[in-house]
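Fold and contact review
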Amino acid sequence: MLRICAIVLVFCFVASACPFVKSYEVEPVVAQCSGWGSGYVSQVVTCNFDSLAYCELFIGASPGKGKYQLEVWDYLNGQRVALSEPVAASREYHWLQFKQWQSTGIFVKGRKYEFRFKRGSDDSINCYYQDGNPYPKKYGWMEVDSDSEPEKDLACRVYGRMNTVDSTYWGVNPGFNDWDSPEFLLKWVALAETAGVGMARCPIPWTWRQPDSSAQLFDFTGPDIAHEYIHDSACCEVLGNLSLCPKWVSTRVDSVVGNIMYWSENCAPRNLFEDIDSDSNYWARFSEATVKHFGNNVHTWEIWNEPNDNCTTNVLGVDGWWRRSNSGYYGTDTTLRGLCSLYVRLCYVANSAIKIVRFHENDRVLIGSLARVNDSSAIQSLVMGKTWLRTFYEIATGPWNLGVFWDGVSVHPYQNRPGLDPDGFEADAETLRAIMRAHGHDGELWITEMGWDTSNLLQQANDVCETFVCAKASEALPAGGYDRMCWYNFRDFGWHCGLLDSAMNVKRPSFYAFKQAGSSLTGQRFTRRVLLGDQRDDLVRVYEFEDLASPRRMWVGWKNGSTRPDGGSVGVEIPVRADALAAESLAYDTQTPAFEVRPGLDGWLSLGLNERPIFVREIGSPKRPDLVVDSVKVAPEEPKVGKVMTVRAWVRNIGNRETPEGLQTRVDFYLNGKLIGSDQSVRPIRPGETKCFESGWNEVMPEMRGSGLFSAKVNQDQRYVELEMDNNAGYAHGEIR
């Protein structure tokens, strides 16, 4: 069991310039525990990255010669996914880094992993941790030799990489009909290629594939034409949406033309509960035939569209997607649970029929297609998406004992306000992810519809850029986020939300915004949201990306809509590592407005953000100082209360530029997390130069008595920008008698 020397802990966030997502960070302050022998200490972490970059463990005393090793285990299934090369500790009380890996599995965002540290030669581990669970308990906790310590978190760091943004991330709902002319579709292809569309959500309505019971073969003529132009000509990835029920097989036969509330095609089909292999399970046969027909070109399928819409009203004669027709055919259960049960069965049948087709066993099946998440006020007949999804999981994993048979969830997180509310957008993702995690599901979450109307064309253009950027960045949130997104619509089609007018003759500002955002971010890798640390974080968003072809960064930033009614801008500072920069505002037409920016001598770039997003890129090579604390020493070695004591820190510049002339370099000294002194210098520190900073006491105070961790942190107020900021501290252990 643990032997604990002391616990006085504070959780610190440190600004980082490294090109990785910092998944987990707990810093050492004073708690020291040891005594495992050949056992191990570990931290459970919820993954928010696509691949592991490296990990650091803060080690204390390191007697013996045993090397340290890190194993990463899937916490739920007990499979090891990564093993580090053994690492020797060159000194005590420092961050020990694990960078060389043997991968034996893959990392999945949203899944919990155990980072398990141990040593060879039966040497014990001396480590630090924080009490009080600073890393939220729902995301992870510390363990020692398989014994959970739910109120503690290990002093370590975990860094991950996000995948690059590829062209298929830029999805749309196409907005055309089966009967559109070839000339019209060719025009669509040319415009889609110009805009950079990489994915299209294509409806494959059953109503038109098998309009009557006499049809022995499915008619895929319309989808074939659409598929030919979307997949083959425009080279878009296709998301197939299976929906709409022919009247002859619907559970509602009294369809009324012109009134969507009475359409038979919006209701569940008959014979859903027949054996899936049976010819009379019409939905299974349609699903299977569709997959076989489109062959190897479609491997992602969405089941139905917004089943939670129009299913709550009890007004006589007003039914909608899942109401009177279903209760009349399948029984009398008209509760939400009864109606959702039909949708569970619909999805189960489709999933089974799709995956029995050869080469489609691993196809991605999305359920939900939820209209909204936390808000139903705008549509009175709407069941909130979170309620519908929770009910779906409870039915499938509960009495029906089907387990989580689907691969992911799709959602339409429309917002009942002008302009994007990024906090609400992220909250919707967190709500759905929490429901998924509660049932052991770490599948993907897709936005298959999202958009705003064209009542304010410039605002719609801003929304296109902001929504795609926020969706991509949300993947790295601890709670998880969205994996893909499709804008609704590419052209006006029923609703006026298109990037183009219905005739595709007018390119709206949102068309140019979509094109610019896509071309700017494709090939980039998200690294972090830049937080300012004050109330401005509620007013603006600034996101950082990295170009994999070079070590250069790009930032996308804007002021959130309606946050400043006076229309004023919000000033922000961005830490840039290069002097040469390029900047441009979001394009509203064929002209992309560029403007000149230059950082100050301190490396901070000052900008005024308004509702129109801007893009800032480094075009020069990074040139900044980079300070590290090589060592910290206490003199005398065993200081005494009432006597003189001095703490020194040797700071070295490992960067490629000297610290700025006239700007103060400050070192703060701490004992057990409490500030005890500081030292500063305005003289530049040249690359390769080492400078000693010190703080002394003529009389050590009684309250400082005991065993403790001394630390020295340089430039922690970031008076100037460095190449890295995670290497700015040094440590030493001391005993004050």
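Since the model is a prediction, treat every value here as computed from it, not as a measurement. (Residues numbered from 1 in each chain as written. Predicted model: local features only at pLDDT ≥ 70, side-chain atom pairs only at ≥ 80, totals over all residues. Heavy atoms only, no water.)

A separate point is the overall build of the protein. What the protein contains, in helices and strands, is 10 helices and 38 strands. Evaluated residue by residue, the protein yields a buried proportion of 58% over its 737 residues. Put simply, 72% of the contacts in the protein that link residues at least 6 apart link residues at least 24 apart. With the model as given, the accessible surface of the protein reaches about 29000 Å², and the carbon-plus-sulfur share is 49%. (Helix = DSSP H or I, 4+ residues; strand = E, 2+ residues; numbered from the N terminus. Buried < 20%, exposed > 50% of the residue type's maximum accessible area, 1.4 Å probe, protein only. Contact = heavy atoms within 4.5 Å. Areas by Shrake-Rupley, 256 points an atom, 1.4 Å probe, with all protein chains shown as cover.)

Let us look at helix α8 (residues 422-438). For α8, which comprises 17 residues, the first-to-last C-alpha distance of 24 Å matches the rise-based estimate of 24 Å (1.5 Å per residue) to within 8%. Contact partners of the buried residues in α8: β20 (364-371), α7 (385-397), β21 (408-412), β22 (444-447), α9 (457-474) and β25 (540-547). For α8, the N-terminal cap is D421; the gap from its side-chain oxygen to the backbone nitrogen of D423 is 3.2 Å. Just past α8, the residue G440 takes up positive phi, approximately 70 degrees. (Expected span 1.5 Å × (residues − 1). Polar contact = N/O pair within 3.5 Å; in protein donor to acceptor, adjacent residues only side chain to side chain.)

Before going further, it helps to examine the sheet that holds strand β32 (residues 627-635). The pairing of strands in a sheet happens through backbone hydrogen bonds and is either parallel or antiparallel. With antiparallel pairing, the three strands of this open sheet are ordered in space as β32-β33-β36. Each edge of the open sheet carries a strand with a single partner, namely β32 and β36 (690-697). Strand-to-strand twist in this sheet, taken as the mean axis angle between neighbours without regard to direction, amounts to 20 degrees. As defined by bridge partners, β32 adjoins strand β33 (residues 645-653) across eight bridges and the pair is classed as antiparallel. Within β33, the position partnered with V628 by the bridge is R652. (Pairing = 2+ DSSP bridges. Axes fitted to C-alpha atoms, helices over the stretch in contact; angles between N-to-C directions.)

The side chains of a regular strand alternate between both faces of the sheet. With respect to burial, strand β2 (residues 21-25) is a largely interior element, four of its five residues being buried. When β2 meets strand β15 (residues 156-161), the two strands line up antiparallel, connected through four bridges. Paired with V21 across the strands is G160, a residue of β15.

For R209, the position within the fold is in helix α2 (residues 206-209). From its side chain, R209 meets the backbone oxygen of D219 in a polar contact 2.7 Å long.

Attention shifts here to the packing of α7 against α8. The contact between α7 and α8 brings their axes to 10 Å, and the two run at 10 degrees. Judged by the angle between their axes, α7 and α8 are roughly parallel. Contacts between α7 and α8 involve K386, L389, R390 and Y393 on the former and, on the latter, T431, L432, I435 and M436. Partitioning the contact of α7 with α8 into residue classes produces five nonpolar, one polar and two charged. (Parallel < 35°, antiparallel > 145°, perpendicular 65-115°, else oblique. Nonpolar A, V, L, I, M, F, W, Y, C, P; charged D, E, K, R; others polar.)

Our focus in this paragraph is the sheet that holds strand β34 (residues 665-671). A sheet is described by the order of its strands in space; here four strands give the open sequence β35-β34-β37-β38, paired in antiparallel fashion. Pairing within the sheet leaves two strands with one partner each, and these edge strands are β35 (674-681) and β38 (729-736). Ignoring which end each strand starts from, the neighbouring axes of this sheet average 20 degrees apart. Examined bridge by bridge, β34 and β35 share seven bridges and lie antiparallel to one another. Across the sheet, residue D668 finds its bridge partner in β35, namely S678.

All told, the structure shown has 47 salt bridges when counted by the stated rule. A salt bridge links R119 to D123, with the shortest nitrogen-to-oxygen separation between them at 3.7 Å. R119 gets classed as buried once you look at its relative accessible area, which sits at 7%. Owing to a relative accessible area of 14%, D123 belongs among the buried residues under this scheme. Salt-bridge contacts for E638 lead to R737; the nearest nitrogen and oxygen are separated by 3.4 Å. Note that E638 is positioned in the loop between β32 and β33 and R737 in the segment after β38, a separation of 99 residues in sequence. (Salt bridge = Lys/Arg side-chain N within 4 Å of Asp/Glu carboxyl O.)

Mapped onto the elements, V647 comes out in strand β33. Discounting chain neighbours no more than four positions away, the residues touching V647 are V632, K633, V634, F669, F693, E694, S695, W697 and F710.

For helix α10 (residues 509-521), built from 13 residues, the straight-helix expectation of 18 Å at 1.5 Å per residue is met to within 8% by its first-to-last C-alpha distance of 18 Å. Along α10, 11 of the 13 residues are buried, which leaves the element largely enclosed by surrounding structure. Within the span of α10, buried status applies to P509, S510, F511, Y512, A513, F514, Q516, A517, G518, S520 and L521. Once α10 finishes, G523 follows within two positions and takes phi at roughly 90 degrees, a positive value.

To continue, consider the nonpolar core. The tendency in soluble globular proteins is for nonpolar side chains to be buried side by side. With 142 residues, the main nonpolar core has F115, F117, W188, W283, I303 and F490 as its most contacted residues. Among the elements that make up this core, the one with the highest residue count is helix α6 (residues 336-355) (nine residues). Grouped together as the second largest cluster of nonpolar side chains are 23 residues, F693, W697, V700 and Y720 included. (Core = buried A, V, L, I, M, F, W, Y, C linked by side-chain atoms within 4.5 Å.)

Once that is clear, we can look at the confidence of the model for the protein. Confidence in the prediction of the protein, expressed as mean pLDDT, is 88, and 89% of residues score 70 or more. In the model of the protein, strand β1 (residues 3-4) stands out as the element of lowest mean pLDDT, 29, in contrast to strand β28 (residues 581-585), which has the highest, 98. Contacts of residues 1-16 to residues separated by more than four positions or lying in other chains number 54 contacts, the stretch itself having pLDDT below 50. The low-confidence segment residues 323-327, where pLDDT is below 50, has 20 contacts with residues more than four positions distant or belonging to other chains. (pLDDT = per-residue confidence, 0-100.)

Mapping I447 onto the fold places it in strand β22. Accessibility expressed as a relative area gives 0% for I447, which makes it buried.

Moving on to the side chain of D668. Tracing the backbone shows D668 in strand β34. Residue classification places D668 among the buried positions, given a relative accessible area of 6%. For D668, the side chain forms a polar contact with the side chain of Q716, separated by 2.7 Å. Sequence-distant contacts of D668, defined by excluding residues within four places in its chain, comprise L675, G677, S678, S711, A712, K713 and Q716.

Next up on the list: the state of the cysteines. Under the defined criterion, the tally for this structure stands at zero disulfides. Unpaired in this structure, C245 has its nearest cysteine sulfur neighbour in C267, at a distance of 7.8 Å. (Disulfide = S-S within 2.5 Å.)

It is worth spelling out empty space enclosed by the protein at this point. Counting across every chain of the model gives three cavities of 30 Å³ or more. Contributing to the lining of the largest cavity are T46, C47, K109, G110, R433, E475, P478, A479, G480, G481 and D483. Split by residue class, the lining of the largest cavity holds three nonpolar, four polar and four charged. (1 Å grid on protein atoms, 1.4 Å probe; cavity = no way out; pocket = protein on both sides within 12 Å on 5 of 7 lines; lining within 4 Å. Points joined across faces, edges and corners; volume = space filled by probe spheres on them.)

So, on to unusual backbone geometry. Of the consecutive residues Y488 and N489, the connecting peptide bond is found in the cis state with omega at 10 degrees. For N489, the position within the fold is in the loop between β23 (484-487) and α10. With an omega of -5 degrees, the peptide bond running from A635 to P636 counts as cis. For P636, the location among the structural elements is in the loop between β32 and β33. For D145, which is not a glycine, the phi torsion comes out positive at approximately 50 degrees. Mapping D145 onto the fold places it in the loop between β12 (142-144) and β13 (147-149). The backbone of C235 sits at a positive phi, close to 55 degrees, despite the residue not being glycine. Of note, C235 is situated in the loop between α3 (221-233) and β18 (237-243).

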